[in-house]
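# Per-entry structural report
As a plain string of letters, each chain reads:
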Amino acid sequence: EVGKADFEIKNQAATYFLALTNNFLVLDLGTGPAPRTMVAYNLNSRKKVFTDNYSSLTSAPGDIIRYWRKSTKDATINNCPKFNDYSDKGLGAIIEAYISLDLSTLVKKELGEYRCSPIQ
């Protein structure tokens with residue numbers, strides 16, 4: 001039963017809890033492998049304030065979240081040591097960037113760290 005003080009999120013696909021910061025609820029949407037969709041709600045305004053694709057959320061100190069997401073760089077044999085291994089297993093490869101997002105300002109920035117990851 002939804003009470004007066006409750007915040008109900010309706011009409012979402014499969015949704016899973018990722019993090020709760022000072023004023024934000026961060027959820028994961030979907031059922032498939034990474035990359036998936038992350039969505040953040042401002043609990044004070046009770047509104048969705050941010051959506052992005054991500055592969056893993058690594059931390060959520062205060063109102064800042066850090067996560068990996070697909071970068072604009074293409075994966076190659078030169079920048080992805082397991083490129084051929086992934087290909088041999090029928091997978092693709094992507095280069096991911098480590099991201100910091102300040103939920104209170106919605107300022108998102110790459111932190112200069114990159115990794116190669118498999119993708120279906």
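Right above here is the structure, for reference.
Residues numbered from 1 in each chain as written. Predicted model: local features only at pLDDT ≥ 70, side-chain atom pairs only at ≥ 80, totals over all residues. Heavy atoms only, no water.

### Description of the overall build of the protein chain
As a reminder, the rule being used: In this description a helix means any DSSP run of H or I spanning at least four residues, a strand means any run of E spanning at least two, and both kinds are numbered starting from the N terminus. Any residue under 20% of the maximum accessible area for its type is buried, any over 50% is exposed, and the rest in between are partly exposed; the area is computed with a 1.4 Å probe on protein chains only. A contact between two residues is defined here by any heavy atoms of the two lying within 4.5 Å.
Across its full length, the protein chain holds 1 helix and 8 strands. Listed N to C, the secondary structure of the protein chain is β-β-β-β-β-β-α-β-β in terms of helices and strands. Each of the three principal axes of the protein chain carries a C-alpha extent, and together these read 55 × 30 × 20 Å. Across the 120 residues of the protein chain, 32% fall into the buried class. Summarising the internal contacts of the protein chain: among those between residues at least 6 apart in sequence, 42% fall at separations of at least 24.

### Quick look at the sheet that holds strand β4 (residues 47-54)
Stated formally: At least two DSSP bridges between two strands are required for those strands to pair. Each axis is a line fitted through C-alpha atoms, taken for helices only over the stretch in contact, and angles between the N-to-C directions span 0 to 180 degrees.
An order of β1-β2-β3-β4 is seen for the 4 strands of this open sheet, with the pairing classed as antiparallel. Both outer strands of the open sheet, β1 (15-20) and β4, are each paired with one neighbouring strand and no more. Recorded for the sheet is a direction-independent mean angle of 25 degrees between the axes of neighbouring strands. As judged from the 6 bridges shared by strand β2 (residues 24-29) and strand β3 (residues 36-42), these two strands associate in the antiparallel manner. When the bridges of β3 are listed, V26 appears paired with A40.

### Some thoughts on the pairing of strand β8 (residues 107-119)
Sheet analysis places strand β7 (residues 92-102) next to β8, joined by 10 bridges and oriented antiparallel. Within β8, the residue paired with I95 across the bridge is C116. Taking the residues that link successive antiparallel strands as the turn, the β7-β8 hairpin has 4 residues, and the phi of L106 there is positive, at about 60 degrees.

### Focus: the packing of aromatic side chains
In this description, a pair of aromatic rings is defined by centroid distance and the angle of the planes. Worth spelling out the cut-off: Centres within 6.5 Å are what make two rings of Phe, Tyr or Trp a pair, Trp counting through its six-membered ring; a difference in plane orientation under 30 degrees is then read as stacked, over 60 as edge-to-face, and the rest as tilted. Definition used: whenever NZ (Lys) or CZ (Arg) falls within 6 Å of the ring centre and also within 35 degrees of the ring normal, the charge is taken to sit over that ring.
Applying the stated criterion across every chain yields a total of 2 aromatic pairs. Measuring from ring centre to ring centre gives 5.8 Å for F7 and Y41, while their planes differ by 70 degrees; the resulting arrangement is edge-to-face. Taken together, the positions of F7 in the segment before β1 and Y41 in strand β3 put the pair 34 residues apart, joining distant regions of the chain. The lysine or arginine in question, K73, covers the ring of Y114, its NZ or CZ lying 3.8 Å from the ring centre.

### Quick notes on a nonpolar patch on the surface
Short version of the rule: Candidates for patches are residues over 30% relative accessible area with no salt bridge; among them, like charges are joined within 9 Å and nonpolar side chains (Val, Leu, Ile, Met, Phe, Trp, Tyr) within 5 Å. Using the Shrake-Rupley algorithm and a 1.4 Å probe, accessible areas are obtained, with residue cover drawn only from the displayed protein chains. Should a side-chain nitrogen of Lys or Arg be within 4 Å of a carboxyl oxygen of Asp or Glu, the pair is scored as a salt bridge.
Residues F17, L20 and L43 make up a contiguous nonpolar surface patch of about 300 Å² in total accessible area. Looking at the element boundaries, F17 is found in strand β1. Judged by its relative accessible area of 55%, F17 falls in the exposed class.

### Some thoughts on the side chain of D28
Where we set the bar: The term polar contact refers here to a pair of N or O atoms within 3.5 Å; inside protein, the definition further demands a hydrogen-donor-capable atom paired with an acceptor-capable atom, and it admits residues adjacent in sequence only when both atoms are side-chain atoms.
Considering the arrangement of structural elements, one finds D28 in strand β2. Residue D28 is classed as buried on the basis of its relative accessible area, which comes to 4%. A distance of 2.3 Å separates a polar atom in the side chain of D28 from a polar atom in the side chain of R36. Side-chain polar atoms of D28 contact the side chain of Y54, separated by 2.3 Å.

### As for the sheet that holds β8
Strand order in the open sheet formed by 4 strands is β5-β6-β7-β8, with antiparallel pairing between adjacent strands. Each end of this open sheet is capped by a strand with a single partner; those strands are β5 (56-59) and β8. When strand polarity is set aside, the average angle formed by the axes of neighbouring strands in this sheet is 25 degrees. Relative to strand β6 (residues 64-70), β5 is paired through 3 bridges, and the arrangement is antiparallel. The residue bridging S59 from the neighbouring strand is R66, located in β6.

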